[in-house]
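Here are the chains, one letter per residue:
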Amino acid sequence: EADIYQTPRYLVIGTGKKITLECSQTMGHDKMYWYQQDPGMELHLIHYSYGVNSTEKGDLSSESTVSRIRTEHFPLTLESARPSHTSQYLCASRGGAAGYEQYFGPGTRLTVT
Amino acid sequence: GENVEQHPSTLSVQEGDSAVIKCTYSDSASNYFPWYKQELGKGPQLIIDIRSNVGEKKDQRIAVTLNKTAKHFSLHITETQPEDSAVYFCAASKGSNYQLIWGAGTKLIIKP
């Protein structure tokens, strides 16, 4: 079982609200990722980080922002939620001796009304 | 740009039969090919992977084959069971410091 956590698991929020999705891992991995996924559909990389104070945008344009102040923590923020942001958000981390496997959290299902 | 194509998008097989999912990749420098399984309500989980220096890898009922010349790799599941029902994703990368390029996923349905 991977030690990567996401909160909240489910969130229903109104348009215009600011939200932060939390992601933490206890494996000491340097690389962390945020994906957007409609349930059972393709994974779209929206942000990634290769270490503290390192963040990059992914392939899918996103209005969200991320920060990496601590190795274990990689929160994602939406300043003003819109119905188009309704989706599932998956956090993952990668690192360790082998360095290849990505470990995923359980995801946050976001609904913006 | 780099891409990974995955087929089929949905696969329905009778319990006990075999299932095969295929992926092709575009970047000839890719050298790492994982397969992830995503069950309902969960994040994807690695089930098997292969490096470009081998052509086949097996783990109990699951196997992956790689054809570097044709730039394609496949997931084989034998003696399918109800718990194999899930969405399966293939991916490719050039190494641990590079991004994974993901396939679009295959929904595998095991019929009782």
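Note that the coordinates shown come from a computational prediction; the quantities given were computed from them, not determined experimentally. (Residues numbered from 1 in each chain as written. Chains lettered and ligands numbered in written order. Predicted model: local features only at pLDDT ≥ 70, side-chain atom pairs only at ≥ 80, totals over all residues. Heavy atoms only, no water.)

Colleague: Before we move on, could you go through the overall build of chain B and cite the residues and values that matter?
Modeller: A count of helical and extended segments in chain B gives zero helices and eleven strands. By its C-alpha atoms, chain B is 40 × 30 × 20 Å across when sized along the principal axes. Out of the 112 residues in chain B, the part that is buried amounts to 46%. In chain B, of all internal contacts separated by at least 6 residues, the share reaching a separation of at least 24 is 53%. For chain B, the accessible area works out to roughly 5600 Å², and carbon and sulfur atoms hold 47% of it. (Helix = DSSP H or I, 4+ residues; strand = E, 2+ residues; numbered from the N terminus. Buried < 20%, exposed > 50% of the residue type's maximum accessible area, 1.4 Å probe, protein only. Contact = heavy atoms within 4.5 Å. Areas by Shrake-Rupley, 256 points an atom, 1.4 Å probe, with all protein chains shown as cover.)

Colleague: Please set out the nonpolar core residue by residue, giving values where relevant.
Modeller: Residues Trp 35, Phe 73, Leu 75 and Leu 108 of chain B are the most contacted members of the largest nonpolar core, which totals 24 residues. Where this core is concerned, the elements lending two or more residues are strand E2 (10-14), strand E3 (19-25), strand E4 (32-38), strand E5 (45-51), strand E7 (62-67), strand E8 (72-77), strand E9 (86-92) and strand E11 (106-111) of chain B. (Core = buried A, V, L, I, M, F, W, Y, C linked by side-chain atoms within 4.5 Å.)

Colleague: I'd like a rundown of the sheet that holds strand E7 (residues 65-66) of chain A, residues and numbers included.
Modeller: Taken in spatial order, the four strands make up an open sheet running E1-E3-E8-E7 (chain A), and their pairing is antiparallel. What marks the edges here is a single partner per strand, and that holds for strand E1 (4-7) and E7 of chain A. (Pairing = 2+ DSSP bridges.)

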